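Chain by chain, the residues run as shown.
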Amino acid sequence: MLINQNSSRLYVVDALRGFAIISIMLIHNLEHFDYYFLPENLSPWMKALDKQVWDVLFFLFAGKSYAIFALLFGLTFFIQSDNQAKKGKDFRGRFAWRLILLLGFGIINSAFYQGDILTIYAIIGFGLIPVAKLKDSWVLIIATLLMLQPYEWINFACALQHPEVTPANPASWAYFGKMGEYIPKDSFIDTVVGNLTNGRPAVFNWSWENGRVFQTLSLFMLGMLAGRKGLFKESDSNIRFWKKALVISLVAFIPLYQAKTNVGTWYTSEALIRPLSVILSSWANLAFMIFLVSSFVLLYRTSLFNKALNLLAPIGRMSLSNYIIQSILGSFIYYGFGLGMYQFTGATHCLIIGICLAILQGIFSTWWLHVHKQGPLESLWHKATWIG
């Protein structure tokens, strides 16, 4: 008999969110928490191993883990809205206030790690409010249109008219180029100021330039629809759904990945390549994200994997706390104001550090939830949500 089989709580969602948090952290470690640096004097075999580790982890998780997180953000919105609707209350006003609170958490997190997504989710999350009462069909249409990346298709159409024009460098490049002025330094204050004044514009611009704004809002809506349909509840019909989703997503991913990889061979014009790359990357990441989610849900429903995957549930239940904790620890480990390990660690060593941090977060989360009902920041967020 599977663990928590008869519980009304969606433990599979907790575990899936824990999986997303851990995989996000592994990618962040490889990136030295956004400070890309190749250590000197590495042996040839270590460089080769680092490249393999980097390529495999980025293939598996880059762009996909955040997509899972976004999908579950929309699902959580539905669960909270539905719970209030059963009491005859409209959750949208509280949700708006909840997003403002999330923005505050995100700003704090951004002081340590400029790649923070909480601030972005807090802003984009307002897009859920006007669609919350729409019929499923309309929400699906809007989500599909957003996932099609309409802005990039406009850019592509414009580029077709003047393919010889070389587009300007993305605005984010100039900001990212300034990171060396504060990340390697030993001043914590300079790092905080740099992250907030330079890092935030860098990440906001990067998110826009890479189609993350449209994709994230689309995933929020798809997560809300998944909640409406009860797709994460245990049932035979849902098992069939996830099996179909697994096959279809894998079949779709293969040509999309090939197209994304080879788009540079189709055109010589950077003005054409750039928007197509964003579109195809977005779609390929979506397909592989669905493959990962489907695989996770199906494995979770088996007696062989259920117990092991449930170890991730405490991490997922404390996702806000763990996300911010990993930013604080990661910046201290890699940045100049802390241990400055960016100078010495390639991808392999960063992966080992990330796995150790994941184990520690799992131990801490399990212990905390044995004593408390919610994570520390989750409890604060919940209490502040219902003030007044």
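Just so it is clear, the structure is predicted and the values come from calculations on it, not from any experiment.

## Points about the overall build of the protein
Part 1 of the reasoning: A count of helices and strands for the protein gives 17 helices and zero strands.
Part 2 of the reasoning: Across the 388 residues that make up the protein, the buried fraction comes to 52%.
Part 3 of the reasoning: In the protein, of all internal contacts separated by at least 6 residues, the share reaching a separation of at least 24 is 82%.
Part 4 of the reasoning: Per element, the accessible surface of the protein, about 18500 Å² overall, is 68% carbon and sulfur.
Part 5 of the reasoning: Positive and negative side-chain charges of the protein, numbering 30 and 20 respectively, have mean locations separated by a distance of 13 Å.

## Let's talk about the UniProt feature "transmembrane region" (unreviewed entry) in the protein
Part 1 of the reasoning: When the UniProt feature table is mapped onto this chain numbering, "transmembrane region" (unreviewed entry) sits at residues 56–79, 95–113, 119–146, 241–258, 278–300, 320–340 and 346–369.
Part 2 of the reasoning: Measuring from the first to the last C-alpha atom of residues 95–113 gives 25 Å, for a span that is 95% helix and 0% strand.
Part 3 of the reasoning: Between the C-alpha atoms that bound residues 320–340 there is a distance of 25 Å. The span itself is 71% helix and 0% strand.

## Details of the packing of helix 1 (residues 11–30) against helix 3 (residues 65–85)
Part 1 of the reasoning: Remark: helix 1 packs on helix 3, axes separated minimally by 9 Å, with the N-to-C direction vectors making an angle of 145°. At the point where helix 1 passes helix 3, the crossing takes the left-handed sense. Contacts from Val13, Leu16, Arg17, Phe19, Ala20, Ile21, Ser23, Ile24 and His28 in helix 1 reach Ser65, Tyr66, Ile68, Phe69, Leu72, Leu75 and Thr76 in helix 3.
Part 2 of the reasoning: Split into classes, the residues belonging to the contact of helix 1 with helix 3 amount to 11 nonpolar, four polar and one charged.

## Details of the nonpolar core
Part 1 of the reasoning: The biggest cluster of nonpolar side chains holds 111 residues, and the ones touching the most others in it are Ile68, Tyr121 and Phe232.
Part 2 of the reasoning: The element that contributes the greatest number of residues to this core is helix 12 (residues 270–300), accounting for 17 residues.

## Some remarks on the pattern of salt bridges
Part 1 of the reasoning: The final tally for this structure, using the stated rule, is nine salt bridges.
Part 2 of the reasoning: Here glutamate 234 and arginine 301 are joined by a salt bridge, their closest N and O atoms 3.8 Å apart. One end of the pair, glutamate 234, is in the loop between helix 10 (212–229) and helix 11 (236–266); the other, arginine 301, is in the loop between helix 12 and helix 13 (303–309), with 67 residues separating them in the sequence.
Part 3 of the reasoning: Residue class for glutamate 234 comes out partly exposed when judged on its relative accessible area of 38%.
Part 4 of the reasoning: According to the relative accessible area criterion, arginine 301 is buried, its value standing at 17%.
Part 5 of the reasoning: Within the structure, one salt-bridge network assembled from shared partners comprises Asp136, Arg228 and Lys229.

## Focus on the packing of aromatic side chains
Part 1 of the reasoning: Tallied over the entire structure, the rule returns 38 aromatic pairs.
Part 2 of the reasoning: Relative to tyrosine 121, the ring of phenylalanine 69 lies with its centre 6.2 Å away and its plane at 35°, an arrangement referred to as tilted. Taken together, the residues span a long stretch of sequence, with phenylalanine 69 in helix 3 and tyrosine 121 in helix 5 (residues 118–124) at a distance of 52 residues.
Part 3 of the reasoning: Assessed through its relative accessible area of 5%, tyrosine 121 is described here as buried.

## What about a nonpolar patch on the surface?
Part 1 of the reasoning: Together, Leu134, Trp138, Ile141, Leu145, Leu148 and Trp153 line one region of the surface with nonpolar side chains, adding up to about 560 Å² of accessible area.
Part 2 of the reasoning: For tryptophan 153, the position within the fold is in helix 7 (residues 150–161).
Part 3 of the reasoning: A residue is classified by how much of its surface remains accessible, and tryptophan 153, at 36% relative accessible area, is partly exposed.

## Examining the packing of helix 4 (residues 92–112) against helix 17 (residues 376–385)
Part 1 of the reasoning: One way to put it is that helix 4 packs onto helix 17 with a least axis distance of 9 Å and a crossing angle of 140°. Accordingly, the angle class assigned to the pair helix 4 and helix 17 is oblique. When you trace helix 4 past helix 17, the crossing you get is right-handed. The residues of helix 17 that touch helix 4, namely those facing Arg94, Trp97, Arg98, Leu101, Leu102 and Phe105, are Leu377, Leu380, Trp381, His382, Ala384 and Thr385.
Part 2 of the reasoning: Of the residues assigned to the contact of helix 4 with helix 17, the class counts are eight nonpolar, two polar and two charged.

## Observations regarding the state of the cysteines
Part 1 of the reasoning: Overall, the coordinates contain zero disulfides when judged by the stated rule.
Part 2 of the reasoning: Lacking any disulfide linkage, cysteine 350 is separated from the closest cysteine sulfur, that of cysteine 356, by 12 Å.

## Brief notes about the environment of valine 251
Part 1 of the reasoning: Position of valine 251 among the secondary structure elements: in helix 11.
Part 2 of the reasoning: Distance from valine 251 to leucine 26, taken between C-alpha atoms, is 27 Å for residues 225 residues apart in sequence.

## Side note on unusual backbone geometry
Part 1 of the reasoning: Even without being glycine, phenylalanine 33 reaches a positive phi, approximately 55°.
Part 2 of the reasoning: Turning to its location among the elements, phenylalanine 33 is positioned in the loop between helix 1 and helix 2 (44–61).
Part 3 of the reasoning: Look at glutamine 149: it is not a glycine, yet its phi comes out positive at around 60°.
Part 4 of the reasoning: Owing to a relative accessible area of 0%, glutamine 149 belongs among the buried residues under this scheme.

## Some remarks on the side chain of glutamate 31
Part 1 of the reasoning: With respect to the secondary-structure elements, glutamate 31 resides in the loop between helix 1 and helix 2.
Part 2 of the reasoning: Arginine 212 provides the closest opposite charge to the buried, unpaired glutamate 31, separated from it by 8.1 Å.
Part 3 of the reasoning: In contact with glutamate 31, other than residues within four places in its own chain, are Tyr36, Trp54, Phe58 and Tyr113.

## Here's the deal with the confidence of the model for the protein
Part 1 of the reasoning: With 98% of its residues at a pLDDT of 70 or more, the protein shows a mean pLDDT of 94.
Part 2 of the reasoning: The secondary-structure element of the protein with the lowest mean pLDDT is helix 13, recorded at 93, while helix 6 (residues 136–147) shows the highest, at 98.
Part 3 of the reasoning: Here residues 1–7 scores under 50 on pLDDT; set against residues more than four positions off or in separate chains, the count is 15 contacts.

## Describing the side chain of glutamine 114
Part 1 of the reasoning: Topologically, glutamine 114 is positioned in the loop between helix 4 and helix 5.
Part 2 of the reasoning: Among the polar contacts made by the side chain of glutamine 114, one reaches the side chain of aspartate 34 at a distance of 3.5 Å.
Part 3 of the reasoning: When residues no more than four places from it in sequence are discounted, the contact partners of glutamine 114 are Asp34, Phe176, Met179, Tyr182, Asn195, Gly199, Arg200 and Val203.

Cut-offs applied
Residues numbered from 1 in each chain as written. Predicted model: local features only at pLDDT ≥ 70, side-chain atom pairs only at ≥ 80, totals over all residues. Heavy atoms only, no water. Helix = DSSP H or I, 4+ residues; strand = E, 2+ residues; numbered from the N terminus. Buried < 20%, exposed > 50% of the residue type's maximum accessible area, 1.4 Å probe, protein only. Contact = heavy atoms within 4.5 Å. Areas by Shrake-Rupley, 256 points an atom, 1.4 Å probe, with all protein chains shown as cover. Lys, Arg positive; Asp, Glu negative; His and termini not counted. Charge placed at Lys NZ, Arg CZ, Asp CG, Glu CD. UniProt positions renumbered as here; feature names shortened; annotations may be inferred. Axes fitted to C-alpha atoms, helices over the stretch in contact; angles between N-to-C directions. Left-handed = near helix turned anticlockwise from the far one by under 90°. Nonpolar A, V, L, I, M, F, W, Y, C, P; charged D, E, K, R; others polar. Core = buried A, V, L, I, M, F, W, Y, C linked by side-chain atoms within 4.5 Å. Salt bridge = Lys/Arg side-chain N within 4 Å of Asp/Glu carboxyl O. Phe/Tyr/Trp six-rings, centres within 6.5 Å; stacked < 30°, edge-to-face > 60°. Patch = residues over 30% accessible without salt bridge, like charges linked within 9 Å, V, L, I, M, F, W, Y side chains within 5 Å. Parallel < 35°, antiparallel > 145°, perpendicular 65-115°, else oblique. Disulfide = S-S within 2.5 Å. pLDDT = per-residue confidence, 0-100. Polar contact = N/O pair within 3.5 Å; in protein donor to acceptor, adjacent residues only side chain to side chain.

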